[in-house]
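Structural overview
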Amino acid sequence: MNALQLAQEHRQFTLRLLVVSGLITLLTAILAIQVFRLQVLDHDHYATQSTHNTIALLPIAPLRGRILDRHGQILADDRTGFVLAITPNKAIHLSETIHRLQKILPINAEDQKRFNSDLSHAHPYQPVLLRRDLRPDELAAFAVQRHQFPGVEIRTQIKRHYPYGSLFAHVLGYVGRLAPAEIREGQMADYAGLDSIGKSGLEAQYEALLKGQPGNQEVEIDARGRTLHTRLRNSARQGTTLHTTLDLAVQQAAAQAMAGQQGAVVALDPQNGDVLAAYSAPAFDPNAFVDGLSIAVWTRLRDDPGTPMTNRFLRGSYPPGSTIKPFVALNALHDKAITADQRLAGGTYYQIPGTKHKYYDWKPGGHGAENLREAIRDSNDVYFYQIAMRLGVTQLGNGLAHFGFGQRSGVDLPGESAGVVPSPDWLRQRYGQTWYQGQTVMMGIGQGYLLSTPLQLARATASIANGGRLVTPHLEQSPDSVTRPLDFSPDAIAVIQDAMRDAVTSGTGKSLANDPHTIAGKTGTAQIHHAQRNDSGLVLHNTIQLWQDHALFIAYAPADHPRIAVAVVVEHGGHGGRTAGPVARAVIDAYLNTVTAPEVNL
């Protein structure tokens, strides 16, 4: 190898050495910069992460859907309130913290019990509610000493609100604290972040529609419980607004007319089954249930002799009394047990041939011989005793079933009672007793084992008002109404319609004859005891005083072009025309006198 070749190799080696050295220097510089960034610039970030940072996926609770009346008035919505919450891993000695808080804020045993229950299944870095509904003075009292309570904070909370209190309690129902047992397997994700659920009424019926869809967010929490970063993953989706058929003004009229009384009112649109009003008295305030009742409040409601928690229009089963007579009469016409003009013997009482027992008319001395229209007008008991015997228990029961008695109406509310249309088989299976003809006689005037709900009475009344169609009551606004034609001739229905108009103009319901709207109706008195009554209307039996009979009234108006059908039951109200009739008139007037309210822009 000559000198020239050695020189070339030396230069190549030197060049390679310089390139390698440069790369090493560059990589060293990059490494140094990265170390500087990690150790100095991002020290706090990675130091925190190295001490058990946590990435949590936390739920975002949705707003619940509103409930509106037919004119857009808000019947239920969500409101913002202030709550006191504690983040467990931020607070120092939870029990001591709560003890010190009690010196400046009222925190009772139930608050602590609820807090401990929620704490048991909450994340340590997730705030847990201790007190709800803080008043302005309580907010101010805590704000002054807030620095002394690490981990304790005031937060806003969305809660259900019923602006009309007890007015719609039984139809809207209420929401209450969510219990794990109320969620079926596979529904847990749908209730993430939610602490309430519809318990009754429309709130329960349309729970899936109203509750909305929870969202979630990704939250980075350091070892001290501080939130470092929050990233929204899915927004919560508000529940759907429920547009109902209810009319606020009609409901208010029902409540005002029933003030101080026990019973129920139902008003329907006879053409399509819209529920215009559904009121049960006495009622309760559903707002009290939103956060969970105290033991004292629940005890008071439970032990109230007026049973305000009972939904009387949906579950109250009452003997319909004489309000059943138009339906018995229509079936008798249909089954050709009687003709409209045929007069039946009247008198003070009726006796089943071959027996000694006397079934008396409500009117001393009786009404004399009357035809069907007159008998409905005057509520002639002796006439309907004979009609019941002509039909027999089987035809009588089957005929009443056509009007929806003895069966659930299909209304979109949970817990509806079916009432009772008795039969010999029913009596034997239920009580082990034999059916006697006298029970058929009493069934003809709506007494005995026959039981109906106010909703069933309103539905049956609507079927006469609309000319013979059985509607399905509903509370959700729907363009399609479900009706079933009844197999009655228009002439037969017209006879009953005329008789019910006569009952108001000149019969047992004539106290309503001066109403500006032409009302067709029928009074009813449901006996609750057959013992002797004193002058005050109290029943004397074994030295125990029981209230007088229930008062009922069914009606529709205007008589020529019906727009509303009503059923009223006033417990222990006595005569239907005197007590229940004015309630029906108030409801009818409220609906027919009200100009259609403008829609509310939402």
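Residues numbered from 1 in each chain as written. Predicted model: local features only at pLDDT ≥ 70, side-chain atom pairs only at ≥ 80, totals over all residues. Heavy atoms only, no water.

Another aspect to go through is the overall build of the chain. When helices and strands are counted, the chain shows 19 helices and 21 strands. Counting every position in the chain, which comprises 602 residues, the buried fraction comes to 47%. If you sum the accessible surface of the chain, you get close to 29200 Å²; carbon and sulfur atoms cover 53% of it. (Helix = DSSP H or I, 4+ residues; strand = E, 2+ residues; numbered from the N terminus. Buried < 20%, exposed > 50% of the residue type's maximum accessible area, 1.4 Å probe, protein only. Areas by Shrake-Rupley, 256 points an atom, 1.4 Å probe, with all protein chains shown as cover.)

As a further point, take helix 3 (residues 94–101). What helix 3 keeps buried is the set Thr97, Ile98 and Leu101. One side of helix 3 carries all its buried residues, which in axial view fall inside an arc of 95°. Looking at the buried positions of helix 3, the neighbouring elements they touch are strand 3 (74–86), helix 4 (109–119), strand 4 (128–131), helix 5 (136–144) and strand 5 (152–161). (Arc of directions from axis to C-beta. Contact = heavy atoms within 4.5 Å.)

Okay, the side chain of Asn331 next. Along the chain, the position of Asn331 falls in helix 12 (residues 325–334). The contacts of Asn331, once residues within four sequence positions are left out, are Leu391, Gly399, Leu400, His402, Phe403 and Phe488.

Following the criterion strictly, the structure yields 15 aromatic pairs and no others. Ring geometry for Tyr383 against Phe384: centres 5.3 Å apart, planes inclined by 65°, an arrangement best described as edge-to-face. Both residues of the pair, Tyr383 and Phe384, count as buried. Aromatic rings pair up to connect Phe327, Phe403, Phe405 and Phe488 into one cluster. (Phe/Tyr/Trp six-rings, centres within 6.5 Å; stacked < 30°, edge-to-face > 60°.)

This part takes up empty space enclosed by the protein. The method is simple in principle: a probe with the dimensions of a water molecule rolls over the atoms, and the space it marks as empty is what remains. Applying the stated rule across the entire model yields two cavities of 30 Å³ or more. Estimated volume of the largest cavity: approximately 40 Å³. In terms of lining, the largest cavity is formed by Val171, Val266, Val275, Ala278, Phe313, Val411, Leu413, Leu455 and Leu475. In the lining of the largest cavity, the residues fall into nine nonpolar, no polar and no charged. Lining the second largest cavity, in full, are Leu75, Tyr162, Pro163, Tyr164, Gly165, Phe168, Ala169, Leu172, Gly173 and Pro286. Within the lining of the second largest cavity, the residues separate by chemical class into eight nonpolar, two polar and no charged. (1 Å grid on protein atoms, 1.4 Å probe; cavity = no way out; pocket = protein on both sides within 12 Å on 5 of 7 lines; lining within 4 Å. Points joined across faces, edges and corners; volume = space filled by probe spheres on them. Nonpolar A, V, L, I, M, F, W, Y, C, P; charged D, E, K, R; others polar.)

Taken together, Leu15, Val19 and Leu23 make up a surface patch of nonpolar side chains, about 290 Å² in accessible area. By secondary structure assignment, the location of Val19 is in helix 1 (residues 3–41). (Patch = residues over 30% accessible without salt bridge, like charges linked within 9 Å, V, L, I, M, F, W, Y side chains within 5 Å. Salt bridge = Lys/Arg side-chain N within 4 Å of Asp/Glu carboxyl O.)

As a further point, take the pattern of salt bridges. The full count for this structure, using the stated rule, is 19 salt bridges. Across the salt bridge formed by Arg131 and Glu138, the nearest N and O atoms sit 2.9 Å from each other. Ionic contacts of the salt-bridge type, sharing partners, join the residues Arg64, Asp78, Arg160, Glu203 and Glu207 into one network.

Turning our attention to the sheet that holds strand 20 (residues 550–557). Strand pairing in a sheet is mediated by backbone hydrogen bonds. Such pairs are either parallel or antiparallel. The strand order across the open sheet built from five strands is 12-11-21-20-17, with neighbouring strands paired in antiparallel fashion. Here the strands that pair on one side only, and so sit at the sheet edges, are strand 12 (275–281) and strand 17 (520–526). Averaged over all neighbouring strand pairs, the angle between strand axes comes to 5°, with direction disregarded. Relative to strand 21 (residues 564–570), strand 20 runs antiparallel, the two sharing seven bridges. Note that in strand 21 the partner of Ala557 across the bridge is Ile564. (Pairing = 2+ DSSP bridges. Axes fitted to C-alpha atoms, helices over the stretch in contact; angles between N-to-C directions.)

What follows covers the packing of helix 12 against helix 18 (residues 490–505). One can describe the packing of helix 12 onto helix 18 by two numbers: an axis separation of 9 Å at closest approach and a directional angle of 150°. As far as their axial angle goes, helix 18 and helix 12 are roughly antiparallel. When you trace helix 12 past helix 18, the crossing you get is right-handed. Along its contact with helix 12, which presents Pro326, Ala329, Leu330 and Leu333, the element helix 18 presents Ala492, Ile493, Val495, Ile496 and Met500. Residue composition of the contact of helix 12 with helix 18, by class: nine nonpolar, no polar and no charged. (Parallel < 35°, antiparallel > 145°, perpendicular 65-115°, else oblique. Left-handed = near helix turned anticlockwise from the far one by under 90°.)

Mapping Val569 onto the fold places it in strand 21. Each C-alpha atom of the pair Val569 and Thr525 lies 9.5 Å from the other, and the pair is 44 residues apart in sequence. With residues up to four places along the chain from it excluded, the contact list for Val569 reads Met258, Gln262, Gly263, Ala264, Tyr318, Pro454, Ala551 and Leu552.

Another point: the pairing of strand 12. The side chains of a regular strand alternate between the sheet's two faces. Across the seven residues of strand 12, seven count as buried, placing the element largely inside the fold. Following strand 11 (residues 263–268), the chain reverses through six residues before pairing antiparallel with strand 12; Gly273 in that reversal takes a positive phi of roughly 85°.

On to the pairing of strand 21. With seven of its seven residues buried, strand 21 lies for the most part within the structure. What you see with strand 21 is no split at all: Ile564, Val566, Val568 and Val570 on one side and Ala565, Ala567 and Val569 on the other are buried throughout. Note that strand 11 and strand 21 share six bridges and pair antiparallel. In the sheet register, Ala267 faces strand 21, and the bridge partner there is Val566. Counting the residues in the hairpin turn of strand 20 and strand 21 gives six residues.

A word on unusual backbone geometry. Geometrically, the link from Ala281 to Pro282 is a cis peptide bond, its omega value of 0° lying close to zero. Within the secondary structure, Pro282 sits in the loop between strand 12 and helix 10 (295–303). The omega torsion across Ala557 and Pro558 is -15°, close enough to zero to call that bond cis. Note on placement: Pro558 falls in the loop between strand 20 and strand 21. One non-glycine residue, Lys336, lies in positive phi territory at about 60°. Along the polypeptide, Lys336 turns up in the loop between helix 12 and strand 13 (349–350). A positive phi is found at His572, a non-glycine position, where the angle reads about 60°. Along the chain, His572 falls in the loop between strand 21 and helix 19 (576–592).

Our focus in this paragraph is the confidence of the model for the chain. For the chain, per-residue confidence averages 86 on the pLDDT scale, and residues scoring 70 or more make up 87% of the total. pLDDT under 50 marks residues 530–546. Its contacts with residues more than four places away, or in other chains, come to 24 contacts. (pLDDT = per-residue confidence, 0-100.)

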